[in-house]
Amino acid sequence: MPPKRPKSKVIKEKEKKNETPDEGASESAHPEHIFPLVLTSVTQELFGCRADEDVTGENPFKLLRKEDIVQDMKTRAAVSDFSPVKHIVLEYPEDELLLVFDRDFTYGQCFYLVLTVEAKDNMMKSPAQADDDEEPMKDEEEHVMEPKTPESHPWISQGSEQEIEDESLTHARPRLRYKISPLMRHCGAPVCFSDGNDGYVECSSYEDKSFSITRMERDTSIQASRDTTHSSTQTLWKYPKNMCTQYEPREFSPEEKEHHLRSENLKNFITSVAIRFERSLQQNVISDVFCDDWTVLCEDDGVPTGKTETQLKEYQSFMDLHFSREKSISHVHWHPSISGVIAVAMTERLSLEERIDNSTKLLLNPSYILFWSFTDPINPQLQLECPEDVLCFQFCPSDPNIIAGGCINGQVVLWDISAHVERLQDTRSGGDNISNNLDKNDVIPVVRYCAVSGIENGHKAPVTDIQWLPETFELSRFGIPVENSSRVCVQMVTCALDCCVLFWDLRLPRAVSQSLTDVKQKSEEKPPENPHGVPNTFKHLNLTWKPFIRVSLPKIGSTGEYSPLKFSFRDNTVDYITGDKPPQDAEREEVCGFAQLRVPSAKQQKPLENISTKLYVGTEDGELVYTDWKMEKDNDSGRLFSAKPTHQFLAHHTLVNTVSRSPFFKDIILTVGSFGFAIWKEGVMSGPILMSACSKVMCTIGHWSLTRPALFFIGKKDGTIEVWDLLQNTHEPSQTQNISTASITCIRSSSACGKHHLLAVSDRIGTLHILQIPWTLRKSSNNEKKNVRKYFEKEEERLEYFEKRQIKHEKHKKEMEAEQLKKKTEPAVPLKPDEELEAEALKEYEQFLALEKIVLKNMGLLTDTIDQSDL
Amino acid sequence: MAEVDETMKRLQNQKGVQGIIIVNAEGIPIKSTLDNASTVQYAGNIHQLLMKARGIVRDIDPQNDLTFLRIRSKKNEVMIAPDKDYFLIVIQNPTE
């Protein structure tokens, strides 16, 4: 449209000239209805009709409101640009006047005002009209060309076909066809070729200069093509580099935080929002909306169907012909790190008198601890030589190559099997080694003990239990637990029937170290003697070893002492104060050996809190004694003595053969006596929280399951194992199974043995049975621990309730007695003197006689005469 | 300040509540009962999620606005209440 405007203007003028002669006539001069105006820039801005901005050549019209003009005139009076047209404006019938921007100054000024209404309408319409006129014209032109589809006309020849005919190739005559073939008789006949020169005319071509034809026309074709260019680019290959960015989260400084916390805004926000939270928090606690009851329900029966075995299946049994004959196994222990290796202590099955009788024979047959491996069921892998029969032994928790054992003569023995560890580990790898290295296997290595305690200082009775203290703490001379800087197990506890519990330290005491340094220098000069191939780990202890704490167990309430059989202390783990535990490997290299370790001075050590120093001891008489091992100093003599036990309970009536803590609950203890077992909770002083009924067969050993909190095994004298499940039955075992013919001496389960969960059961005839624990007995259900704990708590409450009732009973009884006493001591009814009593009795008798007479009279039994005579 | 503390304590004493964090509108924590690393992590991540959630709600209906957001996970539940200038995060473990 814009480019047409000038045209339109021209056309408009033309049209005007053509169509509206009356208007056209008055155009050149100043027409009546047009009033040229000058508008100052101020006025232009005021009315929004700035030249070339609001109104332009293209858009020259501007409607002004009459009121605005009147206003302007009023405000500016004579200065107003509209003053010449004042009366016209006032008289103007409509509200809006048309102001036209006159670009070309056709009427002499740059603006003109249209004064009449009809002129205004004409003005507004005429440009529209002009456009309208123009368009039909254009349309007509186009109309001819486009809308109609071209009609086809017959072709009118104009002479071009002649050239085409000349160029094309046509047949002038029809084609001739010839078929040439030799005579039949020539076909297949032998051919005879010969030269032929005659009748041969050659016409060769030559260049004739008189005659030449130049080509006038040449048919060529041309194709336009672009310029081709070759170009290439190469990207810049930079070496890949690792880059990283480090950033920090934005945080407020404490002052800003304070400022925020004090702001009113935050207060309002929190108070308004807290309600929502409380509601949701409570909702969550009330019920767990997302808990799928269905899946939770079926988890208890997670046993894969088809496997309904509940019995302990025999996996392997070990019996050695040389060493196990006529011997019984006293103790069994799984190797803590090497799976599939188990150690067994063999003892003679003889009573004391028999031992004395056969003492010479016993001297010649030393007793051993045998190491069995699953890969070789016939030959043991290793033998540890013991000075005497070993009743109990333990692997050191921090170093599985150290084994400590307690003998029947009261000595404590130490072995170091580090030299043979590879052998034990080799056997695990497979049977190939065994067949190849027959030489190795022919001779079972015998390891002699490294160190043995001095006979005078140790126990005087058979050592019945031995345990290592964990490496997290050690004890000072007073029995106070202090931090263990060396991070290895250095101390152990033993108990024996000589009524004391002894604490042993693997290191040399400080007092001796002075003299020992001289000895060490001397020994460094010449190579240390090493008879029997015994490693020197504990050479410093051999034969001079003595305990550093001796805890005696005086009886409460009477003289004498308890004779312990088994004990159990709390397994205390401590967070290391000096940072995290250093990696085990680094420590191993630093620690050169136990010989170099010295007991640190008491001042350097820091006592540790939170370690329970209490001990549960099961005695020979069936009591369970609760005592503290800390030594107290007697002020008078300066000697150390141990405190009296705090509690004792007579639980069983014969010896207690097991005191063992549950691996899941640190304060639940199982004790097994000869006719039953009892479960105790540490801290509950009134009695056991569960006590079993007396069983017909004697129980010999008890053992908690390592995977299920509610399960434990009881071994019996007739070779059966009872499986007790506390969540099922507490009055009878859930399962019994006969394992062997002789009584069971020890039960131990392995914590991790590949995919099997195995139970080692040893018996009195020297056979070690390895049983597989079935799925049901080893898979704990989800809430088992919680349920068991609830059960124990319930039992505890029951005990408390019993106690309370007991107290109540007592009180009640006392009250009853008090009442009775009160009754007796009340003032008695005053006794009347005898005479009065007689007089009273006589009067009563007379009354009775009178009554008798009246009655007889009424009955007609008495005659008057008799009456009168009587009277 | 005391009211803020009091309300926080009241919320903290509810069963199973593991931590409370007050964060400003930009995601910078103001006060928290958890350690610094967890606080910063929670604040940053939840701020983004909150912006997204609010955007969703208002996108569907501009008259609407987000009042409360609860995220339930296997181990615990995170509850967020947004506001113009701040938002409050509470972490609860309901089945303990």
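Scoring rules and cut-offs
Residues numbered from 1 in each chain as written. Chains lettered and ligands numbered in written order. Predicted model: local features only at pLDDT ≥ 70, side-chain atom pairs only at ≥ 80, totals over all residues. Heavy atoms only, no water. Patch = residues over 30% accessible without salt bridge, like charges linked within 9 Å, V, L, I, M, F, W, Y side chains within 5 Å. Areas by Shrake-Rupley, 256 points an atom, 1.4 Å probe, with all protein chains shown as cover. Salt bridge = Lys/Arg side-chain N within 4 Å of Asp/Glu carboxyl O. Helix = DSSP H or I, 4+ residues; strand = E, 2+ residues; numbered from the N terminus. Buried < 20%, exposed > 50% of the residue type's maximum accessible area, 1.4 Å probe, protein only. Pairing = 2+ DSSP bridges. Axes fitted to C-alpha atoms, helices over the stretch in contact; angles between N-to-C directions. Contact = heavy atoms within 4.5 Å. Parallel < 35°, antiparallel > 145°, perpendicular 65-115°, else oblique. Nonpolar A, V, L, I, M, F, W, Y, C, P; charged D, E, K, R; others polar. Buried area = accessible area lost by both parts, 1.4 Å probe. Core = buried A, V, L, I, M, F, W, Y, C linked by side-chain atoms within 4.5 Å. Polar contact = N/O pair within 3.5 Å; in protein donor to acceptor, adjacent residues only side chain to side chain. Lys, Arg positive; Asp, Glu negative; His and termini not counted. Charge placed at Lys NZ, Arg CZ, Asp CG, Glu CD. pLDDT = per-residue confidence, 0-100. Phe/Tyr/Trp six-rings, centres within 6.5 Å; stacked < 30°, edge-to-face > 60°. Lys NZ or Arg CZ within 6 Å of the ring centre and 35° of its normal.

1. Section: a nonpolar patch on the surface
All names here are of chain A.
- Together, Leu851, Val855, Met859 and Leu861 line one region of the surface with nonpolar side chains, adding up to about 410 Å² of accessible area.
- If you trace the backbone, Leu851 turns up in helix 20 (residues 834-859).
- Residue classification places Leu851 among the exposed positions, given a relative accessible area of 52%.

2. Focus on the sheet that holds strand 1 (residues 17-24) of chain B
- Ordered by their spatial adjacency, 5 strands build an open sheet running 2-1-5-4-3 (chain B), and the pairing between neighbours is antiparallel. The open sheet is flanked by strand 2 (29-32) and strand 3 (69-72) of chain B, the only strands paired with a single partner. When the angles between neighbouring strand axes are averaged without regard to direction, this sheet yields 15 degrees.
- Sheet topology places strand 4 (residues 77-82) of chain B next to strand 5 (residues 86-92) of chain B; 6 bridges connect them, and they run antiparallel. Considered in strand 5 of chain B, the bridge of Ala81 of chain B is made with Leu88 of chain B.
- With respect to the sheet, helix 8 (residues 254-262) of chain A is in contact with strand 2 and strand 5 of chain B, its orientation differing from that of strand 2 of chain B by roughly 80 degrees.

3. With respect to the packing of helix 9 (residues 264-286) of chain A against helix 1 (residues 2-12) of chain B
- Following both chains from N to C, one finds helix 9 of chain A and helix 1 of chain B inclined at 10 degrees, their axes separated by 10 Å at the closest point. Considered as vectors, helix 9 of chain A and helix 1 of chain B are oriented roughly parallel to each other. Across the interface between the two elements, Leu266, Lys267, Ile270, Ala274, Phe277, Glu278 and Leu281 of chain A from helix 9 of chain A touch Glu3, Val4, Thr7, Arg10 and Leu11 of chain B from helix 1 of chain B.
- Class assignment of the residues belonging to the contact of helix 9 of chain A with helix 1 of chain B gives a composition of 7 nonpolar, 1 polar and 4 charged.

4. Observations concerning the interface of chain B and chain A
- If you look at the interface, chain B gives 36 residues, while chain A gives 27 residues.
- Summed over both partners, the interface of chain B with chain A buries about 3,200 Å², with 66% contributed by carbon and sulfur atoms.
- The three residues of chain B that bury the most area against chain A are Met1, Ile30 and Tyr86 of chain B, which together make up 20% of that side's buried surface.
- The interface formed by chain B and chain A contains 2 salt bridges.
- As a salt-bridge pair, Glu278 of chain A and Arg10 of chain B come within 2.7 Å of each other at their nearest N and O atoms.

5. Describing the sheet that holds strand 7 (residues 341-348) of chain A
Residue and element names in this part refer to chain A.
- In spatial order, the strands read 6-7-8-9-13; together these 5 strands make up an open sheet with mixed pairing. Pairing within the sheet leaves two strands with one partner each, and these edge strands are strand 6 (327-334) and strand 13 (446-447).
- Where strand 9 (residues 382-385) and strand 13 come together, 2 bridges link them in parallel fashion. Bridging across to strand 13, Leu384 finds its partner in Val447.

6. Some details on the nonpolar core
- Ile369, Phe371 and Trp415 of chain A are the most contacted members of the largest nonpolar core, which has 22 residues in total.
- Every element with two or more residues in this core is listed here: strand 7, strand 8 (368-373), strand 9, strand 10 (390-395), strand 11 (402-407), strand 12 (412-416) and helix 13 (421-429) of chain A.
- In this view, Ile369 of chain A contacts Ala343, Val344, Ala345, Leu382, Gln383, Leu384, Cys386, Val390, Phe393 and Trp415 of chain A; residues no more than four positions away in its chain are not counted.
- Listed in part, the 21 residues of the second largest apolar core include Leu281 of chain A together with Val4, Ile20 and Tyr86 of chain B.

7. Describing the side chain of Gln92 of chain B
- Note that Gln92 of chain B resides in strand 5.
- The class for Gln92 of chain B is buried, based on a relative accessible area of 0%.
- Of note is the side chain of Gln92 of chain B, whose polar atom sits 3.3 Å from the backbone oxygen of Leu281 of chain A.
- Ignoring sequence-local partners within four residues, the contact set of Gln92 of chain B consists of Leu281, Asn284 and Val285 of chain A together with Lys15, Gly16, Val17, Gln18, Asn76, Glu77 and Met79 of chain B.

8. Remarks on the side chain of Asn76 of chain B
Residue and element names in this part refer to chain B.
- Here Asn76 shows up in the loop between strand 3 and strand 4.
- Among the polar contacts listed, one links the side chain of Asn76 to the side chain of Gln18, at a separation of 3.4 Å.
- Once residues lying within four places of it in the same chain are set aside, the contact partners of Asn76 are Gln18, Ile71, Ile91, Gln92 and Asn93.

9. A few points about a negative patch on the surface
- Taken together, the side chains of Glu163, Glu165, Asp166, Glu167, Glu217 and Asp219 of chain A make up a negatively charged region of the molecular surface.
- Given the relative accessible area of 57%, Glu163 of chain A is considered exposed.

10. A look at the confidence of the model for chain B
All names here are of chain B.
- Per-residue confidence for chain B averages 90 on the pLDDT scale, and 98% of its residues sit at or above 70.
- Highest mean pLDDT in chain B belongs to helix 2 (residues 36-60) (93); lowest belongs to helix 1 (89).
- On the interface metric, ipTM, the complex scores 0.85, and its pTM is 0.54.

11. Side note on the pattern of salt bridges
- Following the criterion strictly, the structure yields 18 salt bridges over all chains and no others.
- Between Glu258 of chain A and Arg262 of chain A there is a salt bridge, with its nearest N and O atoms 2.7 Å apart. Residue Glu258 of chain A and its partner Arg262 of chain A are located together in helix 8, separated by 4 residues, close to a single helical turn.
- Its relative accessible area of 53% is what places Arg262 of chain A among the exposed residues.
- The partner of Asp65 of chain B in a salt bridge is Arg54 of chain B, with the nearest N and O atoms 3.6 Å apart. Remark: Arg54 of chain B occurs in helix 2 and Asp65 of chain B occurs in the loop between helix 2 and strand 3; sequence separation between them is 11 residues.

12. Brief notes about the confidence of the model for chain A
Residues and elements named next belong to chain A.
- For chain A, the mean per-residue pLDDT works out to 75, and 78% of the residues sit at or above 70.
- Across chain A, helix 20 holds the top mean pLDDT of 90, while helix 17 (residues 584-590) sits lowest at 37.
- Note that residues 430-440 has pLDDT below 50 and, in this model, 6 contacts with residues that lie over four places away or in other chains.
- Long-range and interchain partners of residues 512-528, a stretch whose pLDDT sits below 50, account for 5 contacts in this model, where long-range means more than four residues apart.

13. Quick look at the pairing of strand 6 of chain A
Residues and elements named next belong to chain A.
- Of all 8 residues that make up strand 6, 8 are buried, and the element is covered over most of its length.
- Relative to strand 7, strand 6 is paired through 7 bridges, and the arrangement is antiparallel. Among the inter-strand pairings, Ile329 is bridged to a residue of strand 7, identified as Met346.
- In sequence, strand 6 turns back onto strand 7 through a hairpin of 6 residues, with Gly340 there showing a positive phi of about 85 degrees.

14. Some points on the packing of aromatic side chains
Residue and element names in this part refer to chain A.
- Enumeration according to the criterion identifies 17 aromatic pairs over all chains in this entry.
- Here Phe371 and Phe395 contribute two aromatic rings whose centre-to-centre distance is 5.9 Å and whose plane-to-plane angle is 80 degrees, an arrangement assigned as edge-to-face. One end of the pair, Phe371, is in strand 8; the other, Phe395, is in strand 10, and 24 residues separate them in sequence.
- Considering the side-chain rings of Phe665 and Phe792, the 5.9 Å spacing of their centres and the 90 degrees angle between planes classify their relative orientation as edge-to-face. Of this pair, Phe665 sits in the loop between strand 27 (658-661) and strand 28 (668-672) while Phe792 sits in helix 19 (residues 784-824), and the two are 127 residues apart along the sequence. Each member of the pair Phe665 and Phe792 is classed as buried.
- Taken together, the ring pairs connect Tyr315, Phe318, Trp334, Trp372 and Phe374 into an aromatic cluster.
- Note that Lys785 overlies the ring of Phe665, its terminal NZ or CZ placed 5.8 Å from the centroid.

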